[in-house]
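# Structure assessment
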Amino acid sequence: DDDIFSSAFCENSGKLIDVHLFALAAKYYSLSNLGVCTPLEDVLEALKGDSEGATGIKPDEFMNNKKSHEVQVMSELVDNIANYCGIKQVIDIGSGKGYLSSFLSMQYNLKVYGIDSSSSNTNGAHERNRKLKKHWRAYQSRGRESPKTQSLEKANDRPVENEIKCKTISEELLNNANSLQNQDQVIIQDLVPSCGFTAMATPKTNTETDADLVTVTQSHETKLSEEVLPILDVLPADAVEEFSSSHYNCGELSEEEKIQRKMTSLKTKTRKSSESNIYFPLTSCITAETELSDIITDLEDCVMVGLHTCGDLAANTLRIFTAKPEIKAVCSVGCCYHLLSEQFENQEECPDQAWGFPMCQYLKDKGWCCGRNARMSACLALERVAVGQMLPTESLFYRAVLQVIIEEIYGVTKSDRHVGKTFSKSSSFIDYVRRSLKKLELDDSKLPDSCIMEYYEKYKHRMNELEAFNMLKVVLAPCIEVLILLDRLCYLKEQENIAWSGLVKLFDPVKSPRCYAVIALKNQS
């Protein structure tokens, strides 16, 4: 009851007088207590899926535990959504280094476009692919082992002999009467020399049709996929370059055989170009007005996803979803609430701007504003604090005293520059202040060490107050996050073309504090 909880504050002064009641009120208004979330298991069941996850190697050795947990859970859900909608294309907004994209591509056979505004991230995705190519043979050799007996811990220490290369078929094989059969056999054996495969082509004559040739090639590839792909669950789709007829010398083939080879190569390339399990990292800045068809030339019916899309990108992902008919579903997990733009924060008149908050008409009509301090609080992780991962009180204290110094000594109350992660690089408070002033482009020469330490001594007895204050902010964090997430859900509820939308808790909040996904499916045409 609002009246009961309001008694946590003094009616006259407005100050907090009942901390226990304040904590109860915060819990009452948290997302987990409001009953507005749809359980993940229910969503998977409705999509004709299951919550056990796909079989295969977990990506722990390629990602940290947090990222591995996020990628496995979200990719399973996205695959179920894609299957439900009958589509194979996925667009990953803010894809970063491509962890989710590559896993969706290989584990679930989806065609994924990963779009990130940072060229360094996109380059990092390509570099990750390159490194995985380099270690391809090491992963191949593990294909012989039973998944139950594999030791992922030892895999990182296993030496890699050489980068895999396709061998040139010798002239003796090319001149052999049964060259088509023998070449197919050698291709398979040379591509997977350490997997112990003995796949053989069925003997054929040189008069077999083009269709038969394609069928033979497909049967080999099918067996190769069945044997090898379980070990490739976490590799990007382009980790292995496709074999083509240009890898060997056709000089000794007859004209008829050359024509057959060319036809087979063209058909195989055409088929492979339409295969779904491909991952394309792209660099582009996404806004609410972005035309995806300008970035993706073969845009088709697709699912749009975002794993921890930063600030306004989460809001714009939902706007693009509602505006583009090709996007049939969306699964978005936002983060970095402090970077959201707010329409009513500075009372700026920009009616055409796509603000990060509020999105729904109800809050727009109310002129609702959170403010930066509230949005900063929404980023805090209550569940982590609850299990003993305490707040970095000392670094917060350093930052608070620095704020006093730059206001009183330099007269600066607002700056577009940021201190960043200076605390971890500093040896003392004096070192921290001087490093920070340089980042803020303020002259530290007029500030002696003794003056810096005077500020430190003046406020150090209030460190406990600072810790208590930040603990109250942590308790309140889920309530502010609720407001932001419900605003996004209400925005989707206001749209006429949405068949279903909901909030789903995807992740363990201790492993991944931003654990809620906004999910929506459009009406099926």
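Above this text you will find the structure in question.
Presented here is an overview of the structure given in this document. (Residues numbered from 1 in each chain as written. Predicted model: local features only at pLDDT ≥ 70, side-chain atom pairs only at ≥ 80, totals over all residues. Heavy atoms only, no water.)

When helices and strands are counted, the chain shows 22 helices and seven strands. Taking all 525 residues of the chain together, 46% fall into the buried category. Within the chain, contacts between residues separated by at least 24 positions form 73% of all contacts whose residues are at least 6 apart in sequence. Total accessible area on the chain stands at roughly 27,300 Å², and carbon and sulfur atoms take up 50% of it. (Helix = DSSP H or I, 4+ residues; strand = E, 2+ residues; numbered from the N terminus. Buried < 20%, exposed > 50% of the residue type's maximum accessible area, 1.4 Å probe, protein only. Contact = heavy atoms within 4.5 Å. Areas by Shrake-Rupley, 256 points an atom, 1.4 Å probe, with all protein chains shown as cover.)

The next subject is the packing of aromatic side chains. On inspection of all chains with the given rule, the structure shows 12 aromatic pairs. Residues Tyr398 and Tyr456 carry aromatic rings whose centres are separated by 6.5 Å and whose planes lie at 80° to one another, so their mutual orientation is edge-to-face. Pair noted here: Tyr398 is in helix H19 (residues 393-408) and Tyr456 is in helix H21 (residues 449-459), with a separation of 58 residues, a long-range link. Here Lys522 stacks its cationic end above the ring of Phe321, 4.9 Å away from the centre of that ring. (Phe/Tyr/Trp six-rings, centres within 6.5 Å; stacked < 30°, edge-to-face > 60°. Lys NZ or Arg CZ within 6 Å of the ring centre and 35° of its normal.)

Moving on to helix H20 (residues 429-439). For H20, a buried count of eight out of 11 residues is recorded, marking the element as mostly surrounded by other parts of the structure. Of all the positions in H20, only Phe429, Ile430, Asp431, Tyr432, Val433, Arg434, Ser436 and Leu437 are classed as buried. For H20, the secondary structure elements touched by its buried residues are H19 and H21. Glu441, located one to two residues past H20, shows a positive phi value of around 60°.

The full count for this structure, using the stated rule, is 14 salt bridges. A salt bridge links Arg434 to Asp444, with the shortest nitrogen-to-oxygen separation between them at 3.1 Å. Taken as a pair, Arg434 in helix H20 and Asp444 in the loop between H20 and H21 lie far apart in primary sequence, 10 residues in all. On the basis of relative accessible area, Asp444 is assigned to the buried category, the value being 15%. Sharing partners across several salt bridges, the network here consists of Arg434, Lys438, Asp444 and Asp449. (Salt bridge = Lys/Arg side-chain N within 4 Å of Asp/Glu carboxyl O.)

With that out of the way, let us pick up the sheet that holds strand S6 (residues 498-505). Hydrogen bonds between backbone groups are what pair the strands of a sheet, and the pairing can be parallel or antiparallel. Spatial strand order, S3-S2-S1-S4-S5-S7-S6: seven strands in an open sheet with mixed pairing. Pairing within the sheet leaves two strands with one partner each, and these edge strands are strand S3 (279-283) and S6. Neighbour to neighbour, the strand axes of the sheet diverge by 15° on average, direction disregarded. Most of the contacts of helix H15 (residues 312-323) go to strand S5 (residues 327-335), to which it runs at about 170°, and overall it touches strand S1 (89-93), strand S4 (302-310), S5, S6 and strand S7 (516-522). (Pairing = 2+ DSSP bridges. Axes fitted to C-alpha atoms, helices over the stretch in contact; angles between N-to-C directions.)

On to the state of the cysteines, then. Overall, the coordinates contain zero disulfides when judged by the stated rule. The thiol of Cys369 is not disulfide-bonded; the next cysteine sulfur, from Cys370, is found 6.6 Å away. (Disulfide = S-S within 2.5 Å.)

Ranked by size, the top nonpolar core spans 72 residues in total, and within it Met74, Leu77, Ile81, Cys331 and Leu506 carry the most contacts. Residue contributions to this core peak at eight residues, all from helix H5 (residues 65-85). Beyond its immediate stretch of four places on either side in the chain, Leu506 contacts Leu40, Val73, Met74, Leu77, Cys331, Val333, Cys515 and Ala517. Listed in part, the 22 residues of the second largest apolar core include Tyr398, Leu437, Leu442 and Leu466. (Core = buried A, V, L, I, M, F, W, Y, C linked by side-chain atoms within 4.5 Å.)

All right, on to unusual backbone geometry then. In the segment running from Phe357 into Pro358, the intervening peptide bond is cis, with an omega of -5°. A positive phi is found at Asn109, a non-glycine position, where the angle reads about 60°. The topology assignment puts Asn109 in the loop between helix H6 (99-108) and strand S2 (111-116). At Glu441, a residue that is not glycine, the phi angle is positive and equals roughly 60°.

Moving on to the packing of H5 against H6. Orientation of H5 relative to H6, taken along the N-to-C sense of each, is 50°, at an axis distance of 10 Å. By the angle between their axes, H5 is oblique relative to H6. Note on packing geometry: the crossing formed by H5 with H6 is right-handed. Across the interface between the two elements, Lys67, Val71, Gln72, Met74, Ser75, Glu76, Val78 and Asp79 of H5 pack against Tyr99, Leu100, Phe103, Leu104 and Tyr108 of H6. (Parallel < 35°, antiparallel > 145°, perpendicular 65-115°, else oblique. Left-handed = near helix turned anticlockwise from the far one by under 90°.)

Packed helix pairs are specified by the crossing angle of their axes together with the interaxial distance, meaning the distance between the axes. Put simply, helix H2 (residues 19-28) and helix H22 (residues 463-493) touch, their axes get as near as 8 Å, and they point 25° apart. As far as their axial angle goes, H22 and H2 are roughly parallel. The interaxial crossing formed by H2 with H22 has left-handed handedness. Two secondary-structure elements touch here, H2 through Val19, Phe22, Ala23 and Ala26 and H22 through Leu472, Val475, Leu476 and Cys479. The residue makeup of the contact of H2 with H22, split by class, is eight nonpolar, no polar and no charged. (Nonpolar A, V, L, I, M, F, W, Y, C, P; charged D, E, K, R; others polar.)

Residues Cys451, Ile452, Tyr455, Tyr456 and Tyr459 constitute the buried set of H21. Burial along H21 is one-sided: seen end-on, the buried residues are contained in an arc of 145°. Here the buried face of H21 lies against H19, H20 and H22. (Arc of directions from axis to C-beta.)

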